[in-house]
Amino acid sequence: MSIIVNLDVMMAKRKISSNDLAEKIGITPTNLSILKTGKAKAIRFSTLNKICDVLRCQPGDILEYSDAKEE
Amino acid sequence: MREKINWSEMRSLKLSKVLTYSLIAMLVVAFVCIPFISKWYISISTEDSLIKGDAFIPVCIMLVVCDLFGLAAANALRGLIGNIGKSEVFIEANSNYMRLISWCCIFVGCTFTLFGAWRISFFVGAFFAFFMGIVMRVLKNVFEKAVSIKNENDLTV
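Residues numbered from 1 in each chain as written. Chains lettered and ligands numbered in written order. Predicted model: local features only at pLDDT ≥ 70, side-chain atom pairs only at ≥ 80, totals over all residues. Heavy atoms only, no water.

Peer 1: Got a minute to help me understand the overall build of chain B in this structure?
Peer 2: Scanning chain B for helices and strands turns up five helices and zero strands. When its helices and strands are written in sequence order, chain B yields α-α-α-α-α. Along the first, second and third principal axes, the C-alpha set of chain B runs to 70 × 30 × 25 Å. The burial tally for chain B puts 31% of its 157 residues in the buried class. For chain B, the proportion of contacts with a sequence separation of at least 24, taken over those separated by at least 6, is 74%. Total accessible area on chain B is roughly 10000 Å²; 71% of this is exposed by carbon and sulfur atoms. (Helix = DSSP H or I, 4+ residues; strand = E, 2+ residues; numbered from the N terminus. Buried < 20%, exposed > 50% of the residue type's maximum accessible area, 1.4 Å probe, protein only. Contact = heavy atoms within 4.5 Å. Areas by Shrake-Rupley, 256 points an atom, 1.4 Å probe, with all protein chains shown as cover.)

Peer 1: Mind showing me how you'd approach the side chain of Asn83(B) here?
Peer 2: Residues and elements named next belong to chain B. Structurally, Asn83 is set in helix 3 (residues 56-85). In this structure the side chain of Asn83 is engaged in a polar contact, spanning 2.8 Å, whose partner is the side chain of Asn94. The contacts of Asn83, once residues within four sequence positions are left out, are Glu88, Ile91, Ala93, Asn94 and Tyr97. (Polar contact = N/O pair within 3.5 Å; in protein donor to acceptor, adjacent residues only side chain to side chain.)

Peer 1: Looking at this structure, how should I read the interface of chain B and chain A?
Peer 2: How big an interface is tends to be stated in terms of the accessible area lost upon association of its parts. Listed per partner, the contact involves four residues of chain B and eleven residues of chain A. When the buried area of chain B at its contact with chain A is split by residue, Leu155(B), Thr156(B) and Val157(B) rank highest and sum to 84% of it. Linking chain B with chain A are zero salt bridges. The interface formed by chain B and chain A holds four residue pairs in polar contact (both at pLDDT 80 or more) in total. Classifying every residue of the side of chain B that touches chain A by side-chain character gives two nonpolar, one polar and one charged. (Buried area = accessible area lost by both parts, 1.4 Å probe. Salt bridge = Lys/Arg side-chain N within 4 Å of Asp/Glu carboxyl O. Nonpolar A, V, L, I, M, F, W, Y, C, P; charged D, E, K, R; others polar.)

Peer 1: For this particular structure, what's the right way to read a nonpolar patch on the surface?
Peer 2: A surface patch of nonpolar side chains, amounting to about 600 Å² of accessible area, comprises Val124(B), Phe127(B), Phe128(B), Phe131(B), Val135(B) and Leu139(B). With respect to the helices and strands, Val124(B) occurs in helix 5 (residues 122-154). (Patch = residues over 30% accessible without salt bridge, like charges linked within 9 Å, V, L, I, M, F, W, Y side chains within 5 Å.)

Peer 1: Is there a simple way to explain the pattern of salt bridges in this structure?
Peer 2: A side chain of one charge can pair with a side chain of the opposite charge when the charged atoms of the two come close. Residues and elements named next belong to chain B. Per the counting criterion, the structure on display carries three salt bridges over all chains. One salt bridge connects Glu144 with Arg99, and the closest N-O pair in it is separated by 2.8 Å. Of the two residues, Glu144 sits in helix 5 while Arg99 sits in helix 4 (residues 92-115), which places them 45 residues apart along the sequence. Look at Glu144 and you get partly exposed, because its relative accessible area is 28%. Each of Arg99, Lys140 and Glu144 takes part in a single network of salt bridges with overlapping partners.

Given below as structure tokens:
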């Protein structure tokens, strides 16, 4: 997919662990891992809203579009 | 109310299982009795045929082929019900089972059409087999779409 999830970068900046973030935004660590590894096919606005709220960032800080061709 | 629904669902699934196993048993018995069934059918059928002569061997061959396709379809049905019993409904294996059932019906239709030369009434059987095959195929397509929607939904965070 051409959408890159930079969640781990933002998590490192805010010094927050996966388990803590998952707990704060109310999703399971497994689902957070799916999101971090780019396996997710969609993200709910409500989840994005909570992530931005907890990490104090904009959706663009987490999601990035890349036009590089997939192999 | 919820318990009542579950109990009813459980009974419905059990009934489907019993019917499927009965169908398999009937097909096995029919397979053993094919010569008798052929002889009986030939003795009662009076319609015209495109190919004249003794129809015993062709009717036997047709019944053997149809019985085998029937067994394959019934076995797929058994697998399908088994998966539903395990609450694994929208999975790829189930759509593969439906595809197999659909192809079995279509092949039975082809067999009936081919052997319709010996008994015209087999064309009626062919029509119903083709109809059933097409219905199963459309259901399989719907099921495949449901599987893909479920997979996408599972990966929505």
